[in-house]
Amino acid sequence: MRTKWAARGSRTLLALPSERTYEGWKLYSSLEPCHMCLAAAFQARVGTASFASRNAYGGAVGKLVPSRDHVARPLRVEGPLDCAAGLLPELLLIRHFLWRSPDGDVVRFYREEQPGLVAAAEELPPPDGNGTLPGAYATAAAAVR
Ligand SMILES: [Zn+2]
């Protein structure tokens, strides 16, 4: 994704010292890693990437063409969670873009591909509203059912 947060994620991975590898480490992410973060996890030789929620718009799991090095040293990927916690991060992503850029590519994509998720995200208050985590989780739980 082209967000400062995502860029920070991949920059952090690439800043790990290269004198060693990280096969025993696990990278946790609320959203499915983007192409940059997933590639950085491969490059740092992180053992496992675990994410809670799909990112249908910007997620890269299963979309990278593996190099010979990646085949020889695979990255184990876990996710998404099969519960409300596995939906909430994607709903928050959609809600953010409904607020920030309602006519942009992200919202357009979700309206075309996942209209049910847009409807659920519209139930959430905007990022500058008075939302609470329990309230957002309840919205996600209702959408999972
Ligand atoms: Zn990323």
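Within each chain, residue numbers correspond to sequence positions counted from 1 in written order. Reporting of local features is limited, given that this is a predicted model, to residues whose pLDDT is at least 70; pairs of side-chain atoms are given and counted only at 80 or more, and all residues count toward the totals for whole chains, interfaces and linings.

*Asks:* Honestly, helix α6 (residues 115–122) in this entry has me stumped. Any pointers?
*Replies:* In an α-helix, one turn spans 3.6 residues; hence positions three or four apart end up facing the same way. Those residues of α6 not exposed but buried are Leu 117, Ala 120 and Ala 121. End-on view of α6: buried residues confined to an arc of 100 degrees, all on one side of the axis. Opposite the buried face of α6, at more than 90 degrees from it, the exposed residues are Pro 115, Gly 116 and Ala 119. Looking at the buried residues of α6, the elements they touch are α4 (88–100), α5 (105–113) and α7 (133–144). Backbone-placed C-beta atoms define the burial measure: a residue is buried with 20 or more other C-beta atoms within 10 Å of its own, exposed with 12 or fewer, and partly exposed in between. A run of DSSP states H or I qualifies as a helix once it reaches four residues; a run of E qualifies as a strand once it reaches two. Both are numbered from the N-terminal end. Note that the arc is defined by the directions from the helix axis to the C-beta atoms. Here the contact rule is simple: place C-beta atoms from the backbone, and any two residues whose C-beta atoms are within 7 Å are in contact.

*Asks:* Honestly, the domain arrangement of the protein in this entry has me stumped. Any pointers?
*Replies:* For interface size, the figure often reported is the accessible area lost on association. Domain ranges listed in this record stem from an automatic or a database domain assignment. For the protein, the assigned domains read domain 1 (4–80) and domain 2 (85–144). Relative to domain 2, the C-alpha centre of domain 1 lies at a distance of 24 Å. Listed as interface residues are 9 residues of domain 1 and, on the opposing side, 12 residues of domain 2. When residues of the side of domain 1 that touches domain 2 are traced back to their parent elements, those giving at least two are β1 (22–31) and β2 (46–53). Basically, the charged four are Asp, Glu, Lys and Arg, the nonpolar ten are Ala, Val, Leu, Ile, Met, Phe, Trp, Tyr, Cys and Pro, and anything else, Gly included, counts as polar. Looking at the side of domain 1 that touches domain 2 residue by residue, the class counts come to 5 nonpolar, 3 polar and 1 charged.

*Asks:* Which parts of the structure should I look at to understand the nonpolar core?
*Replies:* Note that soluble globular proteins tend to have their nonpolar side chains buried in a common cluster. A set of buried residues qualifies as a nonpolar core if it consists of Ala, Val, Leu, Ile, Met, Phe, Trp, Tyr and Cys joined through C-beta atoms within 7 Å. Ranked by internal contacts, the top residues of the largest apolar core, which has 31 residues, are Ala 41, Ala 49, Leu 91, Ile 94 and Ala 121. Among the elements of the structure, β1, α2 (35–44), β2, α4, α5 and α6 are those that each provide at least two residues to this core. In terms of residues, this core owes the most to one element, α4, which gives 7 residues. Two domains each provide a minimum of three residues to this core, namely domain 1 (4–80) and domain 2 (85–144). Those residues in contact with Ala 41 that sit more than four places away from it in its chain are Leu 13, Leu 27, Pro 33, Val 46, Ala 49 and Leu 75.

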